[in-house]
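# Residue-level structure breakdown
Now for the letters of each chain:
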Amino acid sequence: MPWSPEADELKRRLVARDAVVGVVGLGYVGLPLAVEQARAGFRVVGLDDNGAKVDQVNRGENYIPDVADADLAAMVEAGRFSATTRYSDLARADVILVAVPTPLTPNKEPDLSYILAVADRIRGILRAGQLVVLESTTYPGTTEEVLRPILETSGLRVGEELFIAYSPERVDPGNAVYHTRNTPKLVGGSTAVCGELAALFYRQSLTEVVQVASPAVAEMAKVFENTYRAVNIALVNEMALLADRMGLDVWAVLEAAGTKPFGIQIFQPGPGVGGHCIPLDPFYLAWKAREYDFSTRFIELAGEINLRMPYFVVEKLQAGLNALRKPLNGASVLLLGVAYKKDINDPRESPALKVMELLEARGARVSYHDPNIPVLRPQASFTRTARSVPLDPERLKAVDAVVVTTDHSNVDYRLVADYAPFVLDTRNVMARRGITGPARIVKL
Ligand SMILES: NC(=O)c1ccc[n+]([C@@H]2O[C@H](COP(=O)([O-])OP(=O)(O)OC[C@H]3O[C@@H](n4cnc5c(N)ncnc54)[C@H](O)[C@@H]3O)[C@@H](O)[C@H]2O)c1
């Protein structure tokens, strides 16, 4: 298909970087993306229905750890990045990126309500010459089967007047090496022209762009990546359960296996999986597979094993206390780390919350210390507000056990080993740091 005048004009603006970029959803994904686009020279309008976040952005205040405070402040100061709650402000955007949540419903089915709500709002402000890219993680088919039909009700012809693509965000919160700019970006367009325009757009700001044949290829690649992690984490978690039964140190086994220079990639066991990707995204694929009479058994199995881990942590703690002639009922337990992984401040779906819930149900008195999460607000099955307690000798001496649930770098593990009577280390952080005692330390 030849390039339409609208496609030519958009291309010109992208290359000249005088296009306006709209980013819908200023969360963990959207905010870094918006800052990156502004740094590349585009004028950026961020839209979020959370007025508090919008106000923070407009004051130049950062609230996402992966964004450098100075970068955000500089872009706002320079007038290149502003935020709004009004969809009408997106009418002037040449490119609209959508990064809203894609959770699961209570019975583990895809919840596309956020994408649907956004699609419904933006179709009213669409005009010829705009590129809309969905970045939210979702099942293969969402862009073409769900988003495109809604946007087409604008009357604009896709590939000529309106351009649609899917490009998954692959950000790994807390990763010191790979971030929004230098993580290769997959792009699949609804038509060839859509794909080329979307790839051209991302090439203006990101190090590497990989164009694939369709939105569905990019959608499935993204959920496959997260499924790969979920399955491999489940595999080492199962090894941890077996090693425990056999009286073997699973960490030593994995370290030994990891010396093979080819054909293996070692994942780490732990108290379970958390965050908004690994525990949830594979179920998007499992749900879609059922439409094709296909059952994704690896996904189900991985989910089952990973969900078992918090229960195993509680059993292991109970056994450890038992050896000290202490019941779990009435014990004082300090959880070290409630973020779902190290060095981030995100507690969503964190296995630590499940461990906390299970311990409290068995009569333990649970507190937590997490330097990155001073206040833990109610979420999912965690129904109260809790505050991080200071980590000091008196408190450590007073508890019956410490459970290392997250291996943050900014925690004084030496202090823990010096004063706590008993430590259950689900991350092997003590051994990795060569810390042996005097506390009695048991590993997962
Ligand atoms: N967090 C990650 O590490 C990560 C990594 C890769 C992909 N993803 C995917 O990216 C997507 C976004 O995830 P996130 O972690 O950034 O979520 P988030 O909750 O941090 O941010 C989403 C933002 O969207 C806003 N929002 C919700 N509905 C809206 C609406 N109708 N209009 C405007 N704004 C709206 C929310 O207020 C919130 O600020 C999800 O699909 C997620 O699976 C996340």
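What counts and what doesn't
Residues numbered from 1 in each chain as written. Predicted model: local features only at pLDDT ≥ 70, side-chain atom pairs only at ≥ 80, totals over all residues. Heavy atoms only, no water. Buried < 20%, exposed > 50% of the residue type's maximum accessible area, 1.4 Å probe, protein only. Helix = DSSP H or I, 4+ residues; strand = E, 2+ residues; numbered from the N terminus. Pairing = 2+ DSSP bridges. Right-handed = clockwise from strand over helix to strand, strands pointing away. Salt bridge = Lys/Arg side-chain N within 4 Å of Asp/Glu carboxyl O.

Along helix 2 (residues 30-39), nine of the ten residues are buried, which leaves the element largely enclosed by surrounding structure. For helix 2, the complete set of buried residues consists of Gly30, Leu31, Pro32, Leu33, Ala34, Val35, Glu36, Gln37 and Ala38. One or two residues past the end of helix 2 sits Gly41, with phi positive at roughly 110°.

A few words now on the pairing of strand 9 (residues 332-336). The two faces of the sheet receive side chains in turn, since in a regular strand these alternate between them. Most of strand 9 is tucked away, with five of its five residues classed as buried. Neither face of strand 9 is exposed, since Ser332, Leu334 and Leu336 on one face and Val333 and Leu335 on the opposite face are all buried. Bridge count between strand 9 and strand 10 (residues 365-369): five bridges; the pairing is parallel. For Ser332, the partnering residue across the bridge sits in strand 10 and is Arg365. Of the crossover connections in this fold, the one passing from strand 9 over helix 12 (residues 351-361) to the parallel strand 10 is right-handed. Here four bridges tie strand 9 to strand 13 (residues 401-404), and the two strands are oriented parallel to one another. Residue pairing for strand 13: Leu336 is matched across the bridge by Val404.

Before going further, it helps to examine the pattern of salt bridges. In the structure shown here, the tally under the stated rule is 27 salt bridges. Between Glu152 and Arg148 there is a salt bridge, with the nearest N and O atoms lying 3.2 Å from each other. Here Arg148 and Glu152 lie together in helix 6 (residues 142-152), a separation of four residues that amounts to about one turn. Exposure remark for Glu152: the relative accessible area of 34% places this residue in the partly exposed category. Put simply, Glu9, Arg12, Arg13, Asp18, Asp94 and Arg127 are held in one network by salt bridges that share partners.

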